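Geometric and topological summary
These are the residues of each chain, in order.
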Amino acid sequence: MEFEYDWLTLGQHRIRLRSTKGFPTETMHTAVEVIRLAIDSNMSARARLVEVVLRQESAYEIAVGTTFAEDRLCAPQLEAAIATVLGLQLAQINIVVTVVTQEEVDLHFGVYERMLAEKLGVVPPIQ
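This write-up is about the structure you can find in this document. Small disclaimer: the values here were computed from a predicted structure and weren't measured.

Description of the overall build of the protein chain
In terms of helices and strands, the protein chain carries 3 helices and 5 strands. Reading the protein chain from its N end, one meets helices and strands in the order β-β-α-β-β-α-β-α. Its C-alpha radius of gyration of 14 Å places the protein chain within 12% of the 14 Å reference for a compact globule of 127 residues. The C-alpha extent of the protein chain, read off along each of the three principal axes, is 40 × 40 × 20 Å. A buried classification covers 43% of the 127 residues belonging to the protein chain. Within the protein chain, counting contacts between residues at least 6 apart in sequence, those at least 24 apart form 52% of the total. If you sum the accessible surface of the protein chain, you get close to 7000 Å²; carbon and sulfur atoms cover 54% of it.

Shown next, in the form of structure tokens:
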């Protein structure tokens, strides 16, 4: 049985949490809420937080999916802001923004989030 994964829904975001240290803690949940707030406030309405991975050395890898290419430009500034708020070094936060075309995903609520997760490889396609 795998205990390093957890799913969290915050607003429009359906987020898979993964911790290499074991089950995601309350501290990780708080960090994810900060990350979600930063994405909602600074990226387009199409940007979705898809996965947050906590590595052994307290480094967060953040996967964001979107259909708006300009969202990539926000990533470096968001990394710095999130690191500051969480009291981490800039090297401990890594945001990867994956842009897909609108033709690749269905924009209906719920379906969009699932299809982004599939495109980013977070979850396997539905059989």
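Focus on empty space enclosed by the protein
In the structure shown here, the tally under the stated rule is 1 cavity of 30 Å³ or more. The calculated volume of the largest cavity comes to roughly 30 Å³. Looking at the largest cavity, the residues that line it are His13, Arg14, Arg48, Leu49, Val50, Glu113 and Ala117. Of all the secondary structure elements, the ones that give two or more residues to the lining of the largest cavity are strand E2 (13-19), strand E3 (48-54) and helix H3 (111-119). Sort the elements by how many residues they give to the lining of the largest cavity and E3 lands first, with 3 residues.

Focus on the side chain of arginine 48
Along the polypeptide, arginine 48 turns up in strand E3. Judged by its relative accessible area of 7%, arginine 48 falls in the buried class. Reaching out from arginine 48, the side chain makes a polar contact with the side chain of glutamine 12 at a distance of 3.0 Å. Ignoring any residue separated from it by four or fewer positions in sequence, one finds arginine 48 in contact with Gln12, His13, Ala63, Val64, Gly65, Tyr112, Glu113 and Leu116.

Some points on the nonpolar core
By size, the foremost hydrophobic cluster in this structure holds 26 residues, and its most contacted members are Val32, Leu49, Val52, Val64 and Ile95. In terms of residue count, the dominant contributor to this core is helix H1 (residues 26-42) (6 residues). Excluding anything up to four places from it in sequence, isoleucine 95 contacts Ile62, Val64, Ala75, Leu78, Glu79 and Ile82. Counting residues in each nonpolar core, the second largest holds 7 residues, with Val50, Leu116, Ala117 and Val123 among its members.

Here's the deal with helix H2 (residues 75-86)
Here H2 contains 12 residues, and its C-alpha end-to-end distance of 16 Å stays within 8% of the 16 Å for a straight helix at 1.5 Å per residue. When we look at burial in H2, the residues that qualify are Ala75, Leu78, Glu79, Ile82 and Ala83. All buried residues of H2 project into a common sector of 130 degrees when viewed along the axis, lining one side. Residues of H2 that are exposed and point more than 90 degrees away from the buried face comprise Gln77, Thr84 and Val85. On its buried face, H2 sits against H1 and strand E5 (93-99). Glycine 87 sits one or two positions beyond H2 and adopts a positive phi of about 70 degrees.

So, the pairing of E2
With respect to burial, E2 is a largely interior element, 6 of its 7 residues being buried. The antiparallel pairing of strand E1 (residues 5-10) with E2 creates a hairpin that spans 2 residues between the two strands, and glycine 11 there sits at a positive phi of about 60 degrees. Where E2 lies against E3, 4 bridges are found, and the strand directions are parallel. When the sheet's bridge partners are listed, arginine 18 is paired in E3 with valine 53. Following the backbone out of E2, through H1 and into the adjacent parallel E3, one traces a crossover that is left-handed.

Thresholds, definitions, all that
Residues numbered from 1 in each chain as written. Predicted model: local features only at pLDDT ≥ 70, side-chain atom pairs only at ≥ 80, totals over all residues. Heavy atoms only, no water. Helix = DSSP H or I, 4+ residues; strand = E, 2+ residues; numbered from the N terminus. Rg over C-alpha atoms; globule rule 2.2 N^0.38 Å. Buried < 20%, exposed > 50% of the residue type's maximum accessible area, 1.4 Å probe, protein only. Contact = heavy atoms within 4.5 Å. Areas by Shrake-Rupley, 256 points an atom, 1.4 Å probe, with all protein chains shown as cover. 1 Å grid on protein atoms, 1.4 Å probe; cavity = no way out; pocket = protein on both sides within 12 Å on 5 of 7 lines; lining within 4 Å. Points joined across faces, edges and corners; volume = space filled by probe spheres on them. Polar contact = N/O pair within 3.5 Å; in protein donor to acceptor, adjacent residues only side chain to side chain. Core = buried A, V, L, I, M, F, W, Y, C linked by side-chain atoms within 4.5 Å. Expected span 1.5 Å × (residues − 1). Arc of directions from axis to C-beta. Pairing = 2+ DSSP bridges. Right-handed = clockwise from strand over helix to strand, strands pointing away.

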